[in-house]
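Listed below are the residues making up each chain.
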Amino acid sequence: MKQFDYVRPATVAEAVAAAVQPGAAYLAAGTNLLDLMKGGVSRPDRLVDVTHLDGLDAIETLADGSLRIGALVSNADLAHDPVFARSYPAVAEALLSGASAQLRNAATVGGNLLQRTRCAYFYDTASRCNKREAGSGCDARDGENRGHAVLGWSDSCIATHPSDFCVPLVALDAVVEIEGKSGRREIALDELHCLPGNSPERESALEPGDIVVAVRLPPAARGFAAHARYLKVRDRTSYAFAVVSAAAALRIENGKVAEARIALGGVAAKPWRVRAAEDVLRGVAPTADAFQEAAWRALTDAKPSGDNAFKIELARRIVMRALTLAAAGTPARLPALPASPFAATSGAIHA
Amino acid sequence: MPELNLTSAPAHIRHGSNIGQPLTRRDGVLKVTGQATYAADNHLPGMLFAVIAVSSIAHGRVVSLDVTAAKRHPGVVDVMTPDHKPQLAIDPEIKTNPFVFRMEALQSNEVRYANQPIAVVIAETLEAATEGAVLLAPRYESLPPLVGLDAGESFVPPVVGVGNPTENHLGDVEAGLASAEKQIDATYETPPQYHNAMEPHAIVVQWDGDRLSVDMPTQGLVLSLARIAELFGIAHDKIHIRSPFLGGGFGSKGLMGGPPVLGIMAAKLVGRPIKLVLRREQMYGPVGHRAPTRQRLRIGADGEGRLTALDHHARTVSSTFDDFYEPAADASHTLYAAPAIRTSHDAVRVNTGTPLFMRAPGEATGSIALESAIDEMAWACGMDPLAFRLKNYAEVEPISGKPFSSKALRACYEQGAARFGWAKRSLQARQMRDDAGLLVGWGMGTATFPALMFQAEARAAIRRDGTGVMEIGAHDMGQGAWTALAQIAADAVGLDIDRVTFKAGTSDLPDAGIAGGSAHTATAGAAIHSAGAAVIAKLADLATGDERSPLFGAGNAGVIARDGRLIRRDDESRGESYAEILARAGVAEVEARGTGAPNPAAMEEYAMHAHGAVFAEVKVDPELGQIRVSRMVGAFAAGRIVNPRMVQSQLFGGMIWGMSFALHEEAITDRRTGRIMNANLGEYHVPVNADVPPLDVITVDEHDPHVNALGIKGVGEIGITGSAGAVANAVWHATGVRVRRFPIRIEDLLTQS
């Protein structure tokens, strides 16, 4: 494999300084990056190993009631943190529906946000891919694209963002804390990932050297704990990316939906918040008709990017189901098959 | 090879009969403690690493390789290309026997499929060799690739499978269809699939003058040795291959492919030991796969649900440069008693690595189509699928009219159905739901696989200390040969298993044939059995011919071997130990050889097959279309069961593979480039633990006096057959949607809600 420099900075500031140069990449668990490097998809000159940085692995409740999750917290540790799982059950469910137990033990919060698309043409270095090599073309557009985007895509790129974790996070207005060469700043998670437009090679709002140091859930996010689910349809029961997924969270007061949050996964280059569908539910009773209306509204702008029209109808049904499950109430325990349509099956084998 | 320290759990040690005991794997402790040495675990002093560069185009030729850039990379020692390589003794394009397939050994710059080896980079480290392969940056002259089942003009191949006729006829199919009260005409498609053994193909090789030492997983030690010998022009006795363990083979390690040959060439080129291990994505090309099929079944039945005709046509593909044709339609020869049967095949050539044997080649692809069609026919006749199968139960093999050597399929149906609770099934589809509102469906399929035998030889010895030795170059692919064959060996020489040194897995031992066709236990077992009998006969000669022995005058036929002693058949109190016989005779050991081979007379007389019945329950989300198998029961009759634990594992594995066939496996090929877009275990789906439901295996008693001396039929492949169809039929029963393109996908089931 390509030879590269490996540096292990002692502080975040050193990390930023080390990573700002072209060709540098941050390395956390490497559950995505190492595969990309082995396949020649990513060929960094320098790896900046951030796993030894202090202070990035805490889960802390802040004075205002926000929850701050350090970027190096592992997916498994976060999902199994009892306070976290109780307060943000849909996020825990999404985390546990992703990858495998071994990967979840290694993978980190920051890395999950910044994982790359699973588009096969991005991974196949013999294919043209505007994301991998700007301006080269998109072989997915007329290729094997059953799993590709139905929202927010462009002729330049039809890839999707594969994260489960990000879907409920974006629904709950998560905020990303970033350290960069001009100091610390924060942006809404919804603004972290870019839609492809004409420049799919630009995938996020991060600048060279920027490192995600934490993800924050605002105080209001706890308000959905009683009615929050993540639902993920996939081609096998576990260890598969979503064909389509949805997070649904409701704040129900006096038999009416005071506030709804809905986001879709596996449909676009970013976790796809559907505020128009949320608006449909504000102030109405949580009925099947209302959910149906919201599901239709959620996919109004969807169009197939190839052999994937089924994903639009599937996404509608998933939104409908996720809302129905959320309205029924968050289960006291996370199901053995988190986020699965088979979650309610008794005696299920763990994912 | 270091001595293998095989162990048995003490609880399973039993004196007397070894065959039939559910011994745990004797290599189990070695494996779970990491001491079992697989080929790639070997490291030799001075060893270099070789990495194959593969083609990214499927058709054309390589016009340039940047060898200079690769060689400039630190650690790269040499780059082997068509212009710079050791000469082979024969052209690898020459097919010297029917089990030789063409391979790429850098004989030209032509590219015939994606992932074809086009160069080999040799370096001091794996990392340097890997980067060297990237730096070659091949440039191509590309031609349009042939992709898919409609790639070009179809043709009728001369044979399918291994020498099977392309077409078979019984009776008048068209008349049978014309006279039928009910007819179906349905077309099914199965995708290309890849073996994906956990252990990648690997070789560690060292030349010492004209002697060659090889560590390499192989399902056919002697076939591999013969192929290496002819390719490199060296005598058989100069080659030593060690293959004590395979991390799965499934047919992809049966015949010598190009990659290990490239490893041997690389070692010759640089004069140092070489390790060459395929990357996972490189296993999607030069080491075989299961070809896609499109199968049309036309079936007729009379008013009582009796078949009047069965017409099964299969389209498949082979490569542009060699011939292997998945014999899918042959699945219709043996199971259902139609008075008129026609099976036929045609094919197109595509830019692919040559398809080869993959676990149940032909049987698996044919079974899912046939069992689906039979299910459709049962429904058309308004009959329960089991009742329909029983109505058309074949008392003799339909295509040949031969009686079966044994066939306990009726018992399989009965016991499987009872265990599953089949009687409670609704006839109509989409009638059953569980408490959570999921659709529930029950389906079944009949399993069948031929009881084959190859040729094998074994050497047995009894030593002065009363212990035994059994030697045979047999192969343990994970199926349990180290255990099951040692059990046969122990019984063959009348000793407890721990008193027999069982040697296998190297090419200097007697030829065990190939571990394939579900025939290894039968073939190697027969050889072991006869070698054991021969060595006991020699020992008996020593005893019965010596007047100092209590067995004097008993004659061979009057003596039996038990627990390390020979005793008189007519008076079991009279006997003596092996050690006593050898001590008195003053010999260190007696030895003998035995062979195992098919019995042509019995084969002429009888049809020989294992059978089974598989029942599956699936759950399907009614709106979302996601499918999960919730339980499976398989009842199988496969002659004598040597080790019930290993057999159960084999059948579990087969049933899981069948589920995988119906719901998961597919190599997704880009139709424009012929490249496989999911050549990794993340995206090429096989079932994970959460997909595998409780499995129930019943082995039905079956005594077969004809298949071989031990009555063994083999269980390696039959589990896939029947199972794939059972799952597909259960999906129909759950949803009312008949999906004829496999694997069944979520979108296939979204049409209704």
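Every chain is numbered on its own, with residues counted from 1 as its sequence reads. For this description, chains carry letters from A and ligands carry numbers from 1, given in the order in which they are written. Since the coordinates come from a predicted model, pLDDT governs what is reported: local features require at least 70, and pairs of side-chain atoms require 80 or more to be given and counted, while whole-chain, interface and lining totals use all residues. Side-chain metrics rest on all non-hydrogen atoms present in the structure, leaving aside hydrogens and water.

Caption draft 1: Structural context of the overall build of chain B. The helix count covers DSSP runs of H or I at least four residues long, the strand count covers runs of E at least two residues long, and both are numbered beginning at the N terminus. In terms of regular secondary structure, chain B is built from 15 helices and 29 strands. For 753 residues, the compact-globule estimate of 2.2 N^0.38 gives 27 Å, and the C-alpha radius of gyration of chain B, at 27 Å, lies within 12% of that figure. Over its C-alpha atoms, taken along the principal directions, chain B stretches across nearly 85 × 70 × 50 Å. Between buried and exposed lies partly exposed: a residue is buried under 20% and exposed over 50% of the maximum accessible area for its type, with that area taken using a 1.4 Å probe on protein chains only. Out of the 753 residues belonging to chain B, those deemed buried represent 62%. The contact rule is simple, with two residues in contact once any of their heavy atoms fall within 4.5 Å. Across chain B, contacts joining residues at least 24 apart in sequence account for 80% of those joining residues at least 6 apart. Note on areas: these come from Shrake-Rupley sampling with a 1.4 Å probe, and a residue is covered only by the protein chains present in the view. Taken as a whole, chain B presents about 26,100 Å² of accessible surface, with 51% of it coming from carbon and sulfur. In this tally, Asp and Glu contribute negative charge and Lys and Arg positive charge; neither His nor the terminal groups of the chain are included. Taken as the charge centre is NZ of Lys, CZ of Arg, CG of Asp or CD of Glu, depending on the residue. Across chain B, the centroid of the 69 positively charged side chains sits 2 Å from that of the 84 negatively charged ones. Note on method: radius of gyration uses C-alpha positions; expected globular size equals 2.2 Å times residues raised to 0.38.

Caption draft 2: View of the overall build of chain A. Helix and strand counts for chain A stand at twelve helices and twelve strands. Relative to the 2.2 N^0.38 estimate, which gives 20 Å for 351 residues, the radius of gyration of chain A is 20 Å and therefore close to what a compact globule would have. Each of the three principal axes of chain A carries a C-alpha extent, and together these read 60 × 50 × 40 Å. Across the 351 residues in chain A, those meeting the buried criterion constitute 58%. In chain A, once contacts between residues fewer than 6 apart in sequence are set aside, the share between residues at least 24 apart is 64%. Distance from the positive charge centre (39 side chains) to the negative charge centre (39 side chains) of chain A: 3 Å.

Caption draft 3: Up close: the pairing of strand β5 (residues 117-123) of chain B. Residue and element names in this part refer to chain B. Buried residues dominate β5, accounting for seven of its seven residues. Pairing between strands is defined by DSSP: at least two bridges between the two strands are required. For strand β1 (residues 48-54) and β5, the ladder comprises six bridges, and the chain directions are antiparallel. Bridge assignment links F49 to a residue of β5, and that residue is A123. As defined by bridge partners, strand β3 (residues 76-80) adjoins β5 across four bridges and the pair is classed as antiparallel. Note that in β5 the partner of V76 across the bridge is A123.

Caption draft 4: Fine view of the interface of chain B and chain A. Each partner contributes residues to the interface: chain B has 43 residues there, and chain A has 44 residues. Here the buried area means the combined drop in accessible surface, using a 1.4 Å probe, for two parts upon being joined, counting both sides. For chain B, the biggest contributors to the area lost against chain A are B:L624, B:Q626 and B:R628; these three give 19% of the whole. Within this document, salt bridges are pairs made up of a side-chain nitrogen of Lys or Arg and a carboxyl oxygen of Asp or Glu, the two lying within 4 Å of each other. Counting across the interface, chain B meets chain A through six salt bridges. Between A:R321 and B:D621 there is a salt bridge, with the nearest N and O atoms lying 2.6 Å from each other.

Caption draft 5: Here's a closer look at the sheet that holds β3(B). All names here are of chain B. Strand order across the open sheet formed by seven strands is β3-β5-β1-β14-β11-β12-β13, with mixed pairing between neighbours. Strand pairing shows two members of the sheet lacking a second neighbour, β3 and β13 (239-242), which therefore form its edges. For this sheet, the mean inter-axis angle between neighbouring strands, taken without regard to orientation, is 20 degrees. A fitted line through C-alpha atoms represents every axis, and for helices the fit uses only the stretch in contact; the resulting angles, taken between N-to-C directions, go from 0 to 180 degrees. Docked against the sheet, helix α3 (residues 126-135) engages β1, β3 and β5, running at close to 25 degrees with respect to β1. On the sheet, helix α5 (residues 221-232) packs against β11 (202-208), β12 (211-215) and β13 and is oriented at approximately 140 degrees with respect to β13.

Caption draft 6: A look at the domain arrangement of chain B. All names here are of chain B. According to the domain assignment, chain B contains domain 1 (40-144 + 195-283), domain 2 (400-452 + 604-749) and domain 3 (453-597). The centre of domain 1, based on its C-alpha atoms, is set 37 Å off from the matching centre of domain 2. Counting residues at the interface gives eight residues for domain 1, matched by eight residues for domain 2. In terms of surface lost to domain 2, no three residues of domain 1 exceed S56, N196 and R280, which account for 47% of the buried area on that side. Joining domain 1 to domain 2, the criterion identifies zero salt bridges. Counting of polar contacts relies on pairs of N or O atoms within 3.5 Å, with two restrictions inside protein: one atom must be capable of donating a hydrogen and the other of accepting it, and residues adjacent in sequence are counted only when both atoms are side-chain atoms. Linking domain 1 to domain 2 there are one residue pair in polar contact (both at pLDDT 80 or more). Counted by class, the side of domain 1 that touches domain 2 contains three nonpolar, three polar and two charged residues. How far each domain reaches was decided by an automatic or database domain assignment. Charged means Asp, Glu, Lys or Arg here, nonpolar means Ala, Val, Leu, Ile, Met, Phe, Trp, Tyr, Cys or Pro, and polar covers whatever is left, Gly included.

Caption draft 7: Just the nonpolar core, in detail. All names here are of chain B. Among buried residues, the Ala, Val, Leu, Ile, Met, Phe, Trp, Tyr and Cys ones that are joined through side-chain atoms within 4.5 Å form a nonpolar core. One finds I299, V618, M632, L663, V727 and I744 to be the most contacted residues of the largest nonpolar core, which totals 86 residues. Once residues within four sequence positions are removed from consideration, V618 is found in contact with L439, V440, G441, I627, R628, V629, S630, V727, A730, V731 and A734. Within the second largest apolar cluster, 52 residues are counted, among which are F245, A456, A512 and A531.

Caption draft 8: Representation of the environment of A:I312 in the model. All names here are of chain A. When you line up the elements, I312 lands in helix α12 (residues 310-328). Along the primary structure I312 and A149 are separated by 163 residues, whereas in three dimensions their C-alpha atoms are 9.7 Å apart. Excluding its chain neighbours within four sequence positions, the residues that come into contact with I312 are V150, L299, A302, K303 and P304.

Caption draft 9: Looking closely at the pattern of salt bridges. Residue and element names in this part refer to chain A. Applying the stated rule across the entire model yields 86 salt bridges over all chains. With a shortest N-O distance of 2.5 Å, E278 and R273 are connected by a salt bridge. Owing to a relative accessible area of 11%, R273 belongs among the buried residues under this scheme. When salt bridges that share partners are traced, they join E60, R68, E177, E179, R184, E186 and R216 into one network.

Caption draft 10: A look at the environment of A:A276. Among the structural elements, A:A276 can be located in helix α10 (residues 275-281). It is 23 Å that separates the C-alpha atoms of A:A276 and A:A242, two residues lying 34 residues apart in sequence.

Caption draft 11: Representation of helix α9 (residues 409-420) of chain B in the model. All names here are of chain B. Take the residue count of a helix, subtract one, and multiply by 1.5 Å to get its expected span. Counted at 1.5 Å a residue, the expected span for α9 with its twelve residues is 16 Å, and the 16 Å between its end C-alpha atoms agrees. Three or more residues of α9 are buried, namely L409, C412, Y413, G416, A417 and F420. All buried residues of α9 project into a common sector of 115 degrees when viewed along the axis, lining one side. Looking at α9, the residues exposed on the side facing more than 90 degrees away from the buried face are E414 and A418. Buried residues in α9 make contact with α8 (385-391), β19 (439-450), β27 (609-620), β28 (627-637) and β29 (695-699). Throughout, the arc means that of the directions going from the helix axis to the C-beta atoms.

Caption draft 12: Structural view of the domain arrangement of chain A. Its domain assignment divides chain A into domain 1 (5-52) and domain 2 (222-328). The C-alpha-based centres of domain 1 of chain A and domain 2 of chain A are spaced at 35 Å.

Caption draft 13: Inspection of the sheet that holds strand β9 (residues 228-233) of chain A at higher detail. Reading across the sheet, the four strands line up as β9-β10-β11-β12 (chain A) and stay open at both edges, with antiparallel pairing between neighbours. In this open sheet, the two edge strands, each paired with only one partner strand, are β9 and β12 (272-273) of chain A.

Caption draft 14: Structural detail: a nonpolar patch on the surface. All names here are of chain B. Patch membership needs two things, relative accessible area over 30% and no salt bridge, and members are linked within 9 Å if like-charged or within 5 Å if nonpolar (Val, Leu, Ile, Met, Phe, Trp, Tyr). On the surface, F99, V162 and L223 cluster together into a nonpolar patch covering about 230 Å² of accessible area. When you line up the elements, V162 lands in the loop between β7 (159-160) and β8 (164-165). Overall, the relative accessible area of 44% leaves V162 in the partly exposed class.

Caption draft 15: Here's a closer look at the packing of aromatic side chains. Think of it this way: a Phe, Tyr or Trp ring, Trp meaning its six-membered ring, pairs with another when their centres are within 6.5 Å, and the plane angle makes it stacked under 30 degrees, edge-to-face over 60, tilted otherwise. Here the structure, examined in full by the defined rule, presents 20 aromatic pairs over all chains. Residues B:F101 and B:F324 carry aromatic rings whose centres are separated by 6.3 Å and whose planes lie at 65 degrees to one another, so their mutual orientation is edge-to-face. With B:F101 in the loop between β3 and β4 (110-111) and B:F324 in the loop between β16 (307-319) and β17 (341-350), this residue pair connects regions lying 223 residues apart in the sequence. With a relative accessible area of 9%, B:F101 lands in the buried category. Taking the relative accessible area as the measure of exposure, B:F324 reaches 3% and is therefore buried. With 5.8 Å between their ring centres and 75 degrees between their planes, B:Y284 and B:Y684 make a pair best called edge-to-face. Taken together, the positions of B:Y284 in the loop between β14 (274-277) and β15 (293-301) and B:Y684 in the loop between α14 (644-663) and β29 put the pair 400 residues apart, joining distant regions of the chain. A single burial state applies to B:Y284 and to B:Y684, both of which are buried. Pairwise contacts between aromatic rings join B:Y38, B:F245, B:W482 and B:F502 into one cluster. For A:R316, the ring lying beneath its charged end belongs to A:W296, and the centroid distance is 3.8 Å. In our convention, an over-ring charge means Lys NZ or Arg CZ found within 6 Å of a ring centre and within 35 degrees of that ring's normal. A cation over a ring is seen here: B:K95 above B:F101, with NZ or CZ 4.4 Å from the ring centre.

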